[in-house]
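Residues per chain are reported as follows:
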Amino acid sequence: MKPAAPEILSLERAVESARRLRANVERALRGKPEVVRRAVETLIAGGHLLLEDVPGVGKTTLAHALARSIDATFSRIQFTSDLLPSDLLGSVVPERMAPDAGRSSGGFVFQPGPIFAHVVLADEINRASPKAQSALLEAMSEGAVTVEGISHPLPRPFFVVATQNPLEHHGTHPLPESQLDRFMLRCGVGYPDPEHEAAVLREDPAASELPRLAPVVSLDELLGMQAVARHIKFDDALAGYLLAIVHETRDHETLEVGVSPRGAIALRRAAQARALVEGRDYCIPDDVRDLVVDVCAHRVMIDPRSAPSRSGEVAAWTLREIVDQVPVPL
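What you see is a predicted model, and the numbers here were worked out from it, not measured in a lab.

Chemist: Is there a simple way to explain the pattern of salt bridges in this structure?
Modeler: Side-chain pairing between opposite charges can occur once the charged atoms of the two side chains come close. Tallying each qualifying case throughout the model produces 21 salt bridges. Its salt-bridge partner being Arg13, residue Glu221 comes within 4.0 Å of it at the nearest N-O pair. Here the residue Glu221 occupies a position in helix H10 (residues 219–230), and Arg13 occupies one in helix H1 (residues 11–26), the gap between them amounting to 208 residues. The buried category is assigned to Glu221, whose relative accessible area is 7%. We classify Arg13 as partly exposed; its relative accessible area is 36%. In this structure, the salt-bridge partner of Glu41 is Arg37, at a minimum N-O distance of 2.8 Å. Residue Glu41 and its partner Arg37 are located together in helix H2 (residues 33–45), separated by four residues, close to a single helical turn. Assigned by exposure class, Glu41 and Arg37 land together as buried. Several salt bridges share partner residues, and in doing so they unite Arg37, Arg38, Glu41, Arg274, Glu278, Arg280, Asp287, Asp290 and Asp294 into one network.

As structure tokens, then:
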């Protein structure tokens, strides 16, 4: 599949494209503008998104709406306990009868799996075995998959939206730390407020609006937005502030493992995407502060002696405490 060529965009056009994308997705997911914003920021930053919440709150609807809003190929993979890595990546199969020779050539060809799409929905990812989950590692990190020793590039852009139910639900497997670290951002969706839930009950936008969503951003336009985001100014003082937060996570008594360098890079890239969505060509401390929990909470490990249970809530609380304590650059 030939990759799209990045379109050269001005900041103003990139901001307008992000606005259109958010508005289009919000037609299908009502009352959740912050969740939609986080998803769009992750897409613009070139990362991958993990949506974690109870069933029925709109995780899959959000993923479908994002995919429909981009003029891109889309693949939905339902993760189950019997899913195999080859079911995701593809496999080498005997070559079909050569049409010109009328007989088999005796060779083998690679049959791509459903992961070969621009937008991939990994639905209920924590219901698959760790072996199937780990098959995504190379794809999410390198933009390619290796089958039978041969590397096959994935289409660009490549965006994984994974959904998972809380671990206390029956039949789930926790994602390994190495897999979690490949997601730039993790967030929940949450229940809608009473006003928006009443509107959802009346109109059922997942059934009425979602099928009618049309693309509002082309592939080359999306690549152009990502290029603009990479050049958003992130000055040395702000980099020092970000690193001070990261270093505090490594020394905090509640945390057994702090944020890695990969996590620090993800936080910077997400902050640049946030600045773009805000219409700025430079980052400010609030871009970092606002994203610390969603980018870093799934990357740290709680010391079990400090918090034997509800580690996700403790991680978020600890990160907020760290952010409040680190001086903000002037």
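Having put the structure on the table, let's press on.
Chemist: I tried to follow the packing of helix H11 (residues 236–251) against helix H12 (residues 261–278) on my own but got confused; where do I start?
Modeler: The description of two packed helices rests on the angle between their axes and on the distance between the axes. Packing of H11 against H12 leaves a shortest axis separation of 10 Å and a crossing angle of 145 degrees. The two elements H11 and H12 cross, and the hand of that crossing is right-handed. Counting all contacts with H11, which are made through Leu242, Val246 and Arg250, the residues of H12 involved are Pro261, Ala264, Leu267 and Arg268. Residues belonging to the contact of H11 with H12 are distributed by class as follows: five nonpolar, no polar and two charged.

Chemist: It is not clear to me how H12 should be interpreted in this structure. Could you clarify?
Modeler: Helical periodicity: at 3.6 residues per turn, an α-helix aligns residues three or four positions apart in one direction. With 18 residues, H12 extends 26 Å from end C-alpha to end C-alpha; this agrees with the ideal 26 Å at 1.5 Å per step. For H12, the full list of buried residues reads Gly263, Ala264, Ala266, Leu267, Ala270, Ala271, Gln272, Ala273, Arg274, Ala275, Leu276 and Val277. Just downstream of H12 lies Gly279, where phi reads positive at about 90 degrees.

Chemist: What am I meant to see in the packing of H1 against H2 here?
Modeler: Orientation of H1 relative to H2, taken along the N-to-C sense of each, is 135 degrees, at an axis distance of 10 Å. When the axis of H1 is compared with that of H2, the two are oblique. Between H1 and H2 lies a crossing of right-handed hand. Counted together, Ala18, Leu21, Arg22, Val25 and Glu26 of H1 and Pro33, Val36, Arg37, Val40, Leu43 and Ile44 of H2 form the full contact between these two elements. Taken together, the residues that form the contact of H1 with H2 break down as eight nonpolar, no polar and three charged.

Chemist: What's the story with unusual backbone geometry in this structure? I'm lost.
Modeler: A negative phi holds for most residues other than glycine; trans holds for most peptide bonds. Cis geometry marks the peptide bond from Arg156 to Pro157; its omega dihedral reads -5 degrees. Tracing the backbone through its elements, the reader meets Pro157 in the loop between strand S9 (150–153) and strand S10 (159–164). You will see that Asp204, though not glycine, has its phi angle at about 45 degrees, which is positive. Within the element layout of this structure, Asp204 appears in the loop between helix H8 (194–203) and helix H9 (205–208).

Chemist: How should I be thinking about the packing of aromatic side chains in this particular structure?
Modeler: To describe a pair of aromatic rings, one takes the distance between the centres and the angle between the planes. Per the stated rule, a full pass over the model turns up one aromatic pair. With centroids separated by 5.7 Å and ring planes inclined at 65 degrees, the aromatic side chains of Phe110 and Phe116 adopt a geometry described as edge-to-face. The side chain of Arg280 reaches across the aromatic face of Tyr282, ending 5.8 Å from its centre.

Chemist: Help me understand the sheet that holds S10 in this model?
Modeler: Strand pairing in a sheet relies on backbone hydrogen bonds. The paired strands run either parallel or antiparallel. Pairing is parallel across the open sheet formed by five strands, whose spatial order is S2-S7-S10-S1-S11. At either margin of the open sheet sits one strand with a lone partner, and together these are strand S2 (74–78) and strand S11 (185–187). In this sheet, adjacent strand axes meet at a mean angle of 15 degrees when their direction is disregarded. The pairing of strand S1 (residues 49–52) with S10 spans four bridges and is parallel. Within S10, the position partnered with Leu49 by the bridge is Val161. H2 contacts S1, S10 and S11 of the sheet and is inclined by roughly 165 degrees relative to S11. The strands that helix H3 (residues 59–69) touches are S1, S2, strand S7 (119–123) and S10; relative to S10, the one it contacts most, it runs at about 165 degrees.

Analysis parameters
Residues numbered from 1 in each chain as written. Predicted model: local features only at pLDDT ≥ 70, side-chain atom pairs only at ≥ 80, totals over all residues. Heavy atoms only, no water. Salt bridge = Lys/Arg side-chain N within 4 Å of Asp/Glu carboxyl O. Helix = DSSP H or I, 4+ residues; strand = E, 2+ residues; numbered from the N terminus. Buried < 20%, exposed > 50% of the residue type's maximum accessible area, 1.4 Å probe, protein only. Axes fitted to C-alpha atoms, helices over the stretch in contact; angles between N-to-C directions. Left-handed = near helix turned anticlockwise from the far one by under 90°. Contact = heavy atoms within 4.5 Å. Nonpolar A, V, L, I, M, F, W, Y, C, P; charged D, E, K, R; others polar. Expected span 1.5 Å × (residues − 1). Parallel < 35°, antiparallel > 145°, perpendicular 65-115°, else oblique. Phe/Tyr/Trp six-rings, centres within 6.5 Å; stacked < 30°, edge-to-face > 60°. Lys NZ or Arg CZ within 6 Å of the ring centre and 35° of its normal. Pairing = 2+ DSSP bridges.

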